[in-house]
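A closer look at the structure
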8 protein chains.
Amino acid sequence: MTLSTFELRTLLDGVASGRVDPAHAERRVLDALSTPPFHDLGFARVDHHRAVRQGFPEVVFGLGKTPAQIAAIAAEIASRGSTLLVTRATLEASDAVRAVVPQAVYQADAGVISLRQTDVAAGHGTVLVVAAGTSDLPVAEEAACTADLMGNRVERLYDVGVAGLHRLLADLPRLEAARVIIVVAGMEGALPSVVAGFVSVPVIAVPTSVGYGASFGGIAALLGMLNSCASGVSVVNIDNGFGAAAVASAINHLE
Amino acid sequence: MTLSTFELRTLLDGVASGRVDPAHAERRVLDALSTPPFHDLGFARVDHHRAVRQGFPEVVFGLGKTPAQIAAIAAEIASRGSTLLVTRATLEASDAVRAVVPQAVYQADAGVISLRQTDVAAGHGTVLVVAAGTSDLPVAEEAACTADLMGNRVERLYDVGVAGLHRLLADLPRLEAARVIIVVAGMEGALPSVVAGFVSVPVIAVPTSVGYGASFGGIAALLGMLNSCASGVSVVNIDNGFGAAAVASAINHLE
Amino acid sequence: MTLSTFELRTLLDGVASGRVDPAHAERRVLDALSTPPFHDLGFARVDHHRAVRQGFPEVVFGLGKTPAQIAAIAAEIASRGSTLLVTRATLEASDAVRAVVPQAVYQADAGVISLRQTDVAAGHGTVLVVAAGTSDLPVAEEAACTADLMGNRVERLYDVGVAGLHRLLADLPRLEAARVIIVVAGMEGALPSVVAGFVSVPVIAVPTSVGYGASFGGIAALLGMLNSCASGVSVVNIDNGFGAAAVASAINHLE
Amino acid sequence: MTLSTFELRTLLDGVASGRVDPAHAERRVLDALSTPPFHDLGFARVDHHRAVRQGFPEVVFGLGKTPAQIAAIAAEIASRGSTLLVTRATLEASDAVRAVVPQAVYQADAGVISLRQTDVAAGHGTVLVVAAGTSDLPVAEEAACTADLMGNRVERLYDVGVAGLHRLLADLPRLEAARVIIVVAGMEGALPSVVAGFVSVPVIAVPTSVGYGASFGGIAALLGMLNSCASGVSVVNIDNGFGAAAVASAINHLE
Amino acid sequence: MTLSTFELRTLLDGVASGRVDPAHAERRVLDALSTPPFHDLGFARVDHHRAVRQGFPEVVFGLGKTPAQIAAIAAEIASRGSTLLVTRATLEASDAVRAVVPQAVYQADAGVISLRQTDVAAGHGTVLVVAAGTSDLPVAEEAACTADLMGNRVERLYDVGVAGLHRLLADLPRLEAARVIIVVAGMEGALPSVVAGFVSVPVIAVPTSVGYGASFGGIAALLGMLNSCASGVSVVNIDNGFGAAAVASAINHLE
Amino acid sequence: MTLSTFELRTLLDGVASGRVDPAHAERRVLDALSTPPFHDLGFARVDHHRAVRQGFPEVVFGLGKTPAQIAAIAAEIASRGSTLLVTRATLEASDAVRAVVPQAVYQADAGVISLRQTDVAAGHGTVLVVAAGTSDLPVAEEAACTADLMGNRVERLYDVGVAGLHRLLADLPRLEAARVIIVVAGMEGALPSVVAGFVSVPVIAVPTSVGYGASFGGIAALLGMLNSCASGVSVVNIDNGFGAAAVASAINHLE
Amino acid sequence: MTLSTFELRTLLDGVASGRVDPAHAERRVLDALSTPPFHDLGFARVDHHRAVRQGFPEVVFGLGKTPAQIAAIAAEIASRGSTLLVTRATLEASDAVRAVVPQAVYQADAGVISLRQTDVAAGHGTVLVVAAGTSDLPVAEEAACTADLMGNRVERLYDVGVAGLHRLLADLPRLEAARVIIVVAGMEGALPSVVAGFVSVPVIAVPTSVGYGASFGGIAALLGMLNSCASGVSVVNIDNGFGAAAVASAINHLE
Amino acid sequence: MTLSTFELRTLLDGVASGRVDPAHAERRVLDALSTPPFHDLGFARVDHHRAVRQGFPEVVFGLGKTPAQIAAIAAEIASRGSTLLVTRATLEASDAVRAVVPQAVYQADAGVISLRQTDVAAGHGTVLVVAAGTSDLPVAEEAACTADLMGNRVERLYDVGVAGLHRLLADLPRLEAARVIIVVAGMEGALPSVVAGFVSVPVIAVPTSVGYGASFGGIAALLGMLNSCASGVSVVNIDNGFGAAAVASAINHLE
C-alpha cells in the first residue's frame, strides 16, 4: 500500500534500463508489503499512519490501561511531533504522562490529557456542544475538548433540557449558526429530537449515564435517541463524548 | 364489610330488647362476612360492588378471553343496569356481545365495546388526550373512549410530536385549559416531558409499541417516560390507553 | 410569552395615540421574546419562572452535581425568596448549601435539603404515603418530605406489605380518607394493586430497588406496578420518591 | 443399577456353590450395566423406568414434535400399560395419537392428551389450583388435568385476582383445606404472595404470559413471583402448568 | 377473624339472655375487627400472629435495615418468647442485636442471627442441602441454618457439580433418603435437573450469583433452573437460601 | 416566528404614523403567533414548513398507518408541489397512494413510494451505501432510494462482509471517493469498524435485523456498532435505512 | 496476494534480462493486486477463493434471501465444480435451486440443499452429534448434514437429556470414541456440561430455541452453555447447527 | 467404573475356583461402585481422576473462595504430584497458597497461581493468542498462561484491533502457522470474524468486559462473536481466558 503505482512504474523502468538492480526492486516491493506502519511496544502497537489515513493521530483510550502503559504510548506519540489526546484519564495517568511529556495538559472535568502540536488541520465551521443538564457536563466537556483539539471552533450551550424549553428557545440563533451539533443528554434523552426539529445540520446524540433507577446507566437515553422521531440524528455510545467529537470533526473537515 | 357499624348496633339492640332472635342476628353477621359481592360464572367472578368501591363497574379486558366468555360477562354486567366497557375487543367479540346485549356499541378504531347506562358520575373538568403521531391513534382512542364512558368531558389533540414543536405550541391554550392530560407517544416517548414543562396539571404518559427496530415494542418510549426530567408525569403500561383513562378519570372525579 | 395579550393591546394603543414611542414598543416586544426567564450560572440555568408555570420553584436533583454546584444553585434560588428543595443530597452537599443558605434544613433519612418560604400554595386534601417495608423508608421519606414542602398535608402508613394483609386492613379508614395515595414498595411491587382495589382515588406507585437477586434493582417491582390489574394506578421511576410527590401534589392542588 | 444388591449376592453365592457358571454371572453383571432401561425409537428414547424412579411414567412435551413423532411415542408408552400424558398438544396431535391409542382423551382447553391406566398411586390430600383471571385458564387447566392424572384430588378456584380481594377472602376455607396450592397468575403476578400470607402449606407459583405491553410475555409475573415477600412460595417457568402440577404431586405423595 | 364463630354465638346468646350487655358485645365485635395483630414500632409492624398463620414467627430480612432497626425488631420478637431469625445480617447488625438479646447467635458464613426458643414444631423427615461448588456455600449455609431453626433435620452434600458427576453418584443413597432436597448452584445451574432425575421427592432449586461474565449475577443459573427438563423442580430467587428453606420446611411439616 | 423583526418594525412604524390601524397590528402579531404552519387532517398535521426548516418536506413513515391515511397525507403533500416520500410502504399503501397521486412510483425492494418534484437541492458529493450481505439489501435500498430522492448522488457496494475482506479491499478506491458512507450490516455488525479504519469521512452505521438466534433482531449488530473501536462512526436505529440517509444527506448538503 | 514471492522474483528477473517487458510486469503486479477473487452477481459476490483459504467453498445462508437469489448463487457455485451447501432453505428455495442445479438434494428435516462434488478433503476422525431431545432434531440434523458434506464421518446420538442420565450413560463408549462432539440442547442447556465431564475431546455446544416461557428463544440454554462448569466446552449461536459443524470440521481436519 | 472388565473376570474365576471368598468378591464389586475418586475436604471434593478422564488435573477457580479454602485445595492437589492451576487468584490467595506450596508461582497480570509438575502431555502445534487492545491483556494472559501450563507451545499477538487492520495483516504468516487461535477482544468483538476469514484452523473467541457504556460488561462483544459471519468460530464466556485455553488445549492434544 505504501508503494504507489507511480513509484512502482519508476522502479520497473529502472530495472528495465539497468539503472536499478532487480534484487533491489524485489526487496523494495516486498518491503512495502511487509513494513508495519506502527511502532510495537509489546503491549501496544502505536499507529503512526493514522493521521495520514484519518486526519488525526491515534487517540489513547485510558480505561483499562495502567498509568505506565499510557505514559509509554503518550511518549511515543509525542516524540513523533503528533498531537496527543488521552481520554478517560485519571489524575494518576496524568502524572505519569507529564513525567515524560511535561508540556501535556490535563483537563480534569473532561478527563482528558492533551498536547497540541502543529499537525492538525482546521475545520470549516463551528461545532456546538449542547448539554441537557449540569450532570451531563463531564461527557460534554470530553466532547468539547476533543473537538477543540481536532481543530474545530467549539461553542457550548449547557443546561437546556426539554422540561424548560424556553431556555433552549432563547438560544435558537446559536443552534442555527452551527455546522454540526453534538447533543449530550441523560434521563429520557429527548433533547436531540427537539434540537433536530429546529435545524437542518447533522445532530450527533450522546446518551449519558445520568439518572434515577430505570435509566439503567444510560440505556433509556440511548433508546430514546435511537428512536428519535426527528431526522438528521445519529447516535454514539453512552458517555462517549470523544466518539461524538470525532464524528463531528470528520463532518466539519469535509470540503 | 357490607354490615355497617350502624346496622350492627341496631341488630344487637334488637337482640337485647328481645325484638330480634339471637340466631337471626348470628346468621346476619355471618352472612355479611360470607356473602360474596360478585356473581360466579365458573370461569369468572363478576364484581358487582366495584362501582361502589371504585366509582365505575368492572371493566372486561378482552385479550385472552373467548368471544363466548366476553359475551357472558357482558350480559351479566348489562343485566344489572351497569355501564358496560370491554377493551381490546375484536369484531368477533363485538358480534358475540351484541347478540346478547343488542344496544352495545363497537368502536373499531379503539377496540372498545360499550353500553352507556345511568350509573356513572360526571367528572369536574376536561381530560385532554394528546397523541404524538398518527400511528398512536388506536391507543389514544382507547383512552378517549374509556374516559368518555367514565363520565369525563374529553378533548383530542393529535399528531403533535416533538420533532415539529410548532404544531404543539399552536395549541398551548388547550393544554392549559385541561384538568388532566393523557399523552400518548411511541418512538422516544419525549412528548410527555415537553407537555409537562408547559402545565401544572398532572400528565399521564402512555408509551405505545409504535416504532423502528430498537423501540423494542415500546420499551424505548416507556423508559423515556419513566425517566422524564419534567415533574408531574406518571406512567402506565405500554399501549394501556384504558389504564391512563382510569387514572385520569379518578383524578377528574376528585372534589 | 411574558408579554400578555392585554399588555400588547395597551402598548399598541399607546403607540397609536402618540403616548408611546414606536421604537420603545418595538424594543418591548422584542425584549419579551428574547429575555430568558432564567439566571445563567454557566454550568446551570436557574429557572425562575417555573413557579409561575408549574406551581413550585425549580427543584435541584443532587445526583451528579458537585457540592459547590449545588450550593451555587441553592443560593440563587433562596436569594429570590423561593422555596428551596434539593433531592438526593449527601451530607457534604448539605454542608456546602448551609454555608451559603444557613436556614436550610437537611433531612438525612430522606436525603433532602430544604428551606420553606412563603411562595407555595396549600393543597386541598391529604397525601397518604404508604410503604411496604422498613427498607423502603428512604424513598418513602423523600416522597413525604417533598409533598410536605410542596404545601400538602402528609400522612404516613409504613410496613404494611401484602404478605401480612391484616396490617393493611387495620388501616383501611386512613386509605379511604386520603385524596391521593403514594405507595412505595420493592420486591414484587404488589402493594399498589391491593391498595387500589380498596379506594377510588388515584394511586401513584413507586418501585424501590430493595430486594434479593432477581429484583434487579427494582425492575421486578417496576414491572409489577406497570402490570397492575387494578385500575387507578400510575407509576414513576424506581426510587423516585420526589417524582411521586410532584404528581401527588399536582393532583392535590387541582380545584 | 437394575442389578440389586440382593440379586448380586444370590448370583455370587451360586458361583461359589458351582450352581452358576462364572461366565454367566459375568455376562449378567455386564448386561445389567449396559442394558438401557428405555426403548429407542431413533428420534426418541422412551424411558420405561421413570415410573420406578419418579413415580410417574415419562410425559411427552408436545411442542416442537410432529404429530407422527408424538403418536409413535404415545403408542410405545400406552402399550406398556403406562398412564399416558401429552402436554401442549394440538388437535392434529390428538388425531394422530387417537389413531393409534383410541382410548386416549383430548382436553382442548388444557391442550392435554391422556389415557389413565392403573399404575399411578393416589396422593394424600387436595391440590388446589387458584387462577387470578379468566385469561389464565388454559395454564390452570394444564395444571389441574396433570395433577388429576398423577393421582391427586384436585379443586379449582378461578378469577380471584388481587384487585378485588373480597373474591379471594370469600374462599379462605378452601385455601386452608388444601395440602398444596398452585397459584396461576399473569400481569403483576401478586396473587401467590397474598395467598401464601394466609396459609402454611407450600405454594407453587406459575406466571402466565397474559397481559398488556410491559408484561413481556410473563416476565413481569415471573419476577413478581420470584421476589415474593411471602415465605413458602416457589416458582416454575412461565405458562408451565405441567411443571407446577408435577411439583405439587411430588409433595402430595410424600408420606 | 380473631372472633371465632363459636365465640360470636356465645356472645349473642349472652346478649339474648341478658347476661351480656349489648354495648359490651358491640365493642367486642368491633374490637375483633379492628385490633391489629401486630406491634407497631413506627418504622415496622412486628407480626405476632404469623406463627399462628404460617407455623414460624416473622423473619427479619436484614438488607436495607439499619442495625438499630434490626435490634429493635429482634428485641420485640425475642421478648414474646418467639424464635428469632435475622437473615443477611452483618457483624454490625449482630453486635446491635446481641446488645439487646444477648443469647442470640451469629453464624457469619450464613449471615444469620438466631435465637432458638420453644415455639417451633419438628418436621417429619430430612431436608438435604446440596451445593454444586465451594463458592455456593454462603447461600447453602443460609438455607441450612434456616431449615434447622425451623425445626427440620438438615444434612449437607457440598461440591458435587455436574462436571464431575461421580462425586454426586457416590452419594445417591443420601439423595434417596431425603424428604425434600434443596439444590444450590451457580454458573449454568444444571445440578437440580440432574438431582431431580434420580429422585421422586420435591427439589427446590436456588440459583446463586457465582460465575464468570455472562452468568449475569445468577440470571444464567436462574434461567437454567426455570427451564429444567426434569420434573419436580421449583425455583426461588437468586441467592435466596432463606426462601428455599422456608418452602422445604413447609413441605417437611406437612402431615 | 413567521413574523420577522423587519416586518414587525414596519408594522409599528405604520401604527405610529397612522397608516396602520392598531387593531390591525394587534391581529397581525397575534395571528403570527397562532397560525399553525401545517395542514390539519384531523388524524395528522401535515408540516408544510419542514422543507424550510430542514431542507426536505415531511416524510411519511408508513408503519402503523392505514393505506387510506397514507394516501390522504400523500395527496396533501403532493398537491403543494412538494417531493413525496413514504417509507415502509406496502403494495396496498402504494395502490391507495397512486389512486390519488398517479405519478408516484413504488420501489418494492425498498418499500418506498415517491414522487420527485423540483424543490430539493443537490448535495455536494457522493453518498456510498455499503451492505455486508445479500440479506441486508432491503434496508440498504431504503437508504439508497431515500438519499437519491433527497438530492444526493448515490453509489452502492453490496455483499462485502468482514469474513471475506478481499471483497471489500478490492473496492477501496470507491470508499475513498465518497463524501459520506452508509454501512448496512446485520449479524455481528463489524463492517462499519473496518470501513471507518480506511477512511476519514463520516460513516453512518445501520444495524439490520438479519441473523441467527442471538442476533436478537439486530441488537447484536446495534451493540457492535455502538461499541465500534474505530472513530468517525455514528449509528441509527435497527433497519432504519431512511434515518441513515437523512443524516447522510444533511452532511452531504453542508457547504 | 495471488502473486507469490516466487512469481514476483521470476518476473523481475525477466525484466532485468530483457525477456519481460516492464509494462507487462507492471500490469501483472497491478492485476494481482486488483483482480477480485470473487464473481459479482450485483446483489452478491460469490467467493471462489474460500475453499483455498478455508478448506470449504462458500456456504449460502438461506434466511433473508429470495429463492431466485439463492438459485443464482447456487448455480454460480455448482458451475465451478464446487460442493454446494445452502442452509435454512425452504422447499421453495429448493425448487428454485433444483431448476438450475438438478442434481442438488434437499433434506427437509435439516433445511439443507446440497450437491456433493469432489473438492472436499476427508476429516481424520468421527464427529458425534448428540441431541438432548426430539425437539432439537432440526438443529442437530443441520449440524450432521453439514459435517457430513464437509467430509467428516458423522454419528448421531439423540434424546439423551440430563433428566434421565442413564440414557446417556448407556452410550459412553460412543462419546469416548469421537474426535469431536457437537451437543445440541434447548431448555436449560445442561447436557454439554455433563458430556464434557466424561471426555477429553473438544465439545461444541449448540443452544436451541426449544422450551417453555422463560427459555426466551434459547437464551436460557445459551447462558447455561456459556457458563458451563466443565472445561473443553465452547459455544455457537442459538440454533446454529451449521456453525457448530464448521467448527467441528475445522478441528477434525487438523493434522 | 473403576472395576475393569478384566478385573471382574479374574475375580469371578477366583470365586468359581474357590480361591476367592464370595463375600470378598461382593464387597469388591460394591466398593468399586461406591468408592469416590476424590478427596473430601468438607467444603470441597478434590477430583483426583480428572487428569485420567480429561487430560489435566482439576483447576481451582479462585472467585468466591477464601484464601484459606484455595490453599487447602492447592495443597491437596500438589501433594499428589499433580500440576497446580488456580485462576482468578488475588495476591492474598497467592500468599496463602505459597505458605503451603512454596514452589508455586504467581503471575499477577494473569491472576494465575501455578506449579508445573510432570504429569501433562505436550500438545502437537502452536496455540496463538491474539488480543485486540492493550486493555484486553489480563484476559489474554490468563489464556496464555493456562495454555502454556497445559503443555502447549504458546505465541502472543497483541493490539491488532480491526480499526487498523494493517497491524493484523502484517502478521498474517503467524496466523497461518498456528494450529488453533484464541482471539480476545472487547468493544464490538469483531476481531474473531476477521481472523477467521484468513485461516482454516479453529478460532476460539473470548469476549472481554472492556468498553464504553453500551458494551454492557462484555455483552456487546459476546453477541458480536456469537453472530460472527465467519465460519470456524466458537465462543466462551466473557473474560473466560481459562476456558478458551482449555478448549484450545483439547484441540491441540488431538492426535
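Residues numbered from 1 in each chain as written. Chains lettered and ligands numbered in written order. Predicted model: local features only at pLDDT ≥ 70, side-chain atom pairs only at ≥ 80, totals over all residues. Heavy atoms only, no water.

Turning our eyes to something else, we now look at the overall build of chain A. Counting secondary structure elements, chain A contains eleven helices and eleven strands. Across the 255 residues that make up chain A, the buried fraction comes to 65%. Partitioning the intrachain contacts of chain A with sequence separation of at least 6 by distance along the chain shows that 65% fall at a separation of at least 24. Taken as a whole, chain A presents about 8,500 Å² of accessible surface, with 56% of it coming from carbon and sulfur. (Helix = DSSP H or I, 4+ residues; strand = E, 2+ residues; numbered from the N terminus. Buried < 20%, exposed > 50% of the residue type's maximum accessible area, 1.4 Å probe, protein only. Contact = heavy atoms within 4.5 Å. Areas by Shrake-Rupley, 256 points an atom, 1.4 Å probe, with all protein chains shown as cover.)

This part is about the interface of chain A and chain F. Accessible area lost upon the coming together of the parts serves often as the stated size of an interface. Opposite the 27 residues of chain A that make contact, chain F presents 27 residues. For the interface between chain A and chain F, the tally reads zero salt bridges. The interface formed by chain A and chain F contains eight residue pairs in polar contact (both at pLDDT 80 or more). Elements supplying a minimum of two residues to the side of chain A that touches chain F: helix H3 (50-54), helix H10 (219-226), strand E11 (233-235) and helix H11 (241-252) of chain A. Residue classes in the side of chain A that touches chain F are distributed as 16 nonpolar, eight polar and three charged. (Salt bridge = Lys/Arg side-chain N within 4 Å of Asp/Glu carboxyl O. Polar contact = N/O pair within 3.5 Å; in protein donor to acceptor, adjacent residues only side chain to side chain. Nonpolar A, V, L, I, M, F, W, Y, C, P; charged D, E, K, R; others polar.)

Residues and elements named next belong to chain H. In a regular helix each residue adds 1.5 Å, so 13 residues correspond to 18 Å; helix H4 (residues 67-79) covers 18 Å between its end C-alpha atoms and thus fits that length. Among the residues of H4, those classed as buried are Gln69, Ile70, Ala71, Ile73, Ala74, Glu76, Ile77 and Ala78. Phi turns positive, to about 80°, at glycine 81, one or two residues after H4. (Expected span 1.5 Å × (residues − 1).)

What follows covers the interface of chain G and chain H. The interface of chain G with chain H comprises 27 residues on the first partner and 27 residues on the second. In total, chain G and chain H occlude about 2,500 Å² of area from one another, counting both sides; carbon and sulfur atoms represent 56% of this. Applying the counting criterion to the chain G and chain H interface returns zero salt bridges. Across the contact surface, chain G and chain H share eight residue pairs in polar contact (both at pLDDT 80 or more). Residue assignment for the side of chain G that touches chain H shows that the elements contributing at least two residues are helix H3 (50-54), helix H10 (219-226), strand E11 (233-235) and helix H11 (241-252) of chain G. By residue number, the principal contributor to the side of chain G that touches chain H is H11(G), which donates five residues. Here the residues of the side of chain G that touches chain H sort into 16 nonpolar, eight polar and three charged. (Buried area = accessible area lost by both parts, 1.4 Å probe.)

To continue, consider the sheet that holds strand E6 (residues 112-115) of chain F. Neighbouring strands of a sheet are bound in pairs by backbone hydrogen bonds; such pairs are parallel or else antiparallel. Residues and elements named next belong to chain F. Strand order in this open sheet of four strands is E3-E4-E6-E5, and the pairing throughout is mixed. The sheet terminates laterally at strand E3 (60-61) and strand E5 (105-107), the two strands that pair on one side only. Of the pairings in the sheet, the one linking E3 to strand E4 (residues 84-87) comprises two bridges and is parallel in character. Note that in E4 the partner of valine 60 across the bridge is valine 86. Its contacts with the sheet put helix H5 (residues 91-100) on E4, E5 and E6, and the angle it makes with E6 is roughly 20°. Where helix H6 (residues 137-149) meets the sheet, its contacts fall on E4, E5 and E6, and the angle it forms with E4 comes to roughly 165°. (Pairing = 2+ DSSP bridges. Axes fitted to C-alpha atoms, helices over the stretch in contact; angles between N-to-C directions.)

Screw-axis analysis of chain A against chain F gives a translation of 0.2 Å along the axis, an RMSD of 0.2 Å, and a rotation angle of 180°. Given the turn and translation reported, the copies of this chain are related as if by a two-fold rotation axis. Judged by C-alpha distance, A:Val235 is the residue of chain A that lies nearest the rotation axis, at 2.5 Å. Most of the interface of chain A is mirrored in chain F: 100% of its interface residues are interface residues there too. (Least-squares fit on C-alpha atoms with pLDDT ≥ 70 in both.)

Turning to the relation of the copies chain G and chain H, a few remarks are in order. Once chain G is rotated about the relating axis by 180° and shifted along it by 0.1 Å, it coincides with chain H to within an RMSD of 0.2 Å. Residue by residue, 100% of the interface of chain G is reproduced at the interface of chain H, so both copies engage with the same surface.

Here we take up the packing of helix H4 (residues 67-79) of chain B against helix H5 (residues 91-100) of chain B. Helix packing for two helices is described by the angle between their axes and how far apart those axes are. All names here are of chain B. The geometry of H4 relative to H5 is characterised by a closest axis approach of 8 Å and an angle of 40° between their N-to-C directions. With respect to their mutual orientation, H4 and H5 come out oblique. As H4 packs across H5, the resulting crossing turns out to be right-handed. For the pair formed by H4 and H5, the contact residues are Pro67, Ile70, Ala71, Ala74 and Ala75 on the first element and Glu92, Ala93, Ala96, Val97 and Val100 on the second. For the contact of H4 with H5, the per-class residue count stands at nine nonpolar, no polar and one charged. (Parallel < 35°, antiparallel > 145°, perpendicular 65-115°, else oblique. Left-handed = near helix turned anticlockwise from the far one by under 90°.)

What follows covers the pattern of salt bridges. Residue and element names in this part refer to chain F. Going through the model one piece at a time under the given rule, you end up with 40 salt bridges over all chains. Residues arginine 80 and glutamate 76 are paired through a salt bridge, measuring 3.1 Å at the closest nitrogen-oxygen approach. Residue class for arginine 80 comes out partly exposed when judged on its relative accessible area of 47%. The exposure class of glutamate 76 is buried, given its relative accessible area of 11%.

With that settled, consider the environment of H:Ala78. Residue and element names in this part refer to chain H. If you trace the backbone, alanine 78 turns up in helix H4. Look at alanine 78 and you get buried, because its relative accessible area is 15%. The sequence separation of alanine 78 and valine 206 amounts to 128 residues, and the corresponding C-alpha distance is 29 Å. With residues up to four places along the chain from it excluded, the contact list for alanine 78 reads Val101, Leu115 and Gln117.

Residue and element names in this part refer to chain F. Both strand E7 (residues 126-131) and strand E8 (residues 153-158) contribute to a ladder of six bridges, which runs parallel. Pairing of valine 129 across the sheet is with arginine 156, part of E8. Taking the sense of rotation as the criterion, the β-α-β connection linking E7, H6 and E8 turns out right-handed. (Right-handed = clockwise from strand over helix to strand, strands pointing away.)

All names here are of chain G. Side chains Leu84 and Val86 project from strand E4 (residues 84-87) onto one buried face, and the interleaved Leu85 and Thr87 project onto a second face that is buried too. In this fold, strand E3 (residues 60-61) hands off to helix H4 (residues 67-79), which returns the chain to E4; that crossover is right-handed. Pairing geometry for E4 and strand E6 (residues 112-115), over three bridges, is antiparallel. From the neighbouring strand, valine 86 faces E6, where its bridge partner is isoleucine 113.

Residues and elements named next belong to chain C. Sheet architecture is open: four strands sit in the order E3-E4-E6-E5, paired in mixed fashion. At either end of the open sheet lies a strand with only one pairing partner, and these are strand E3 (60-61) and strand E5 (105-107). Taken together, the three bridges between E5 and strand E6 (residues 112-115) define a ladder with antiparallel strand orientation. Each residue of the ladder has a partner; that of glutamine 107, found in E6, is valine 112. Running at roughly 160° to strand E4 (residues 84-87), helix H4 (residues 67-79) makes contact with E3, E4 and E6 of the sheet.

Attention now moves to the side chain of H:Thr134. Summarising the element assignment, H:Thr134 is placed in the loop between strand E7 (126-131) and helix H6 (137-149). In this structure, H:Thr134 is in contact with A:Phe43, A:Ala44, A:Lys65, A:Gln69 and H:Asp159, ignoring residues within four places of it in sequence.

Here we take up the environment of H:Ala121. Residue and element names in this part refer to chain H. Within the secondary structure, alanine 121 is located in the loop between strand E6 (112-115) and E7. For alanine 121, a relative accessible area of 47% puts it in the partly exposed group. As for alanine 121 and phenylalanine 56, which are separated by 65 residues in sequence, their C-alpha atoms are 8.8 Å apart.

This part covers the confidence of the model for chain A. This prediction gives chain A a mean pLDDT of 85; 85% of its residues lie at or above 70. Quick note on the complex model: pTM equals 0.83, ipTM equals 0.83. (pLDDT = per-residue confidence, 0-100.)

Under the defined criterion, the tally for this structure stands at zero disulfides over all chains. D:Cys229 provides the cysteine sulfur closest to C:Cys229, a residue in no disulfide bond, and the two sulfurs are 15 Å apart. On the basis of relative accessibility, which here comes to 28%, the residue C:Cys229 falls in the partly exposed class. (Disulfide = S-S within 2.5 Å.)

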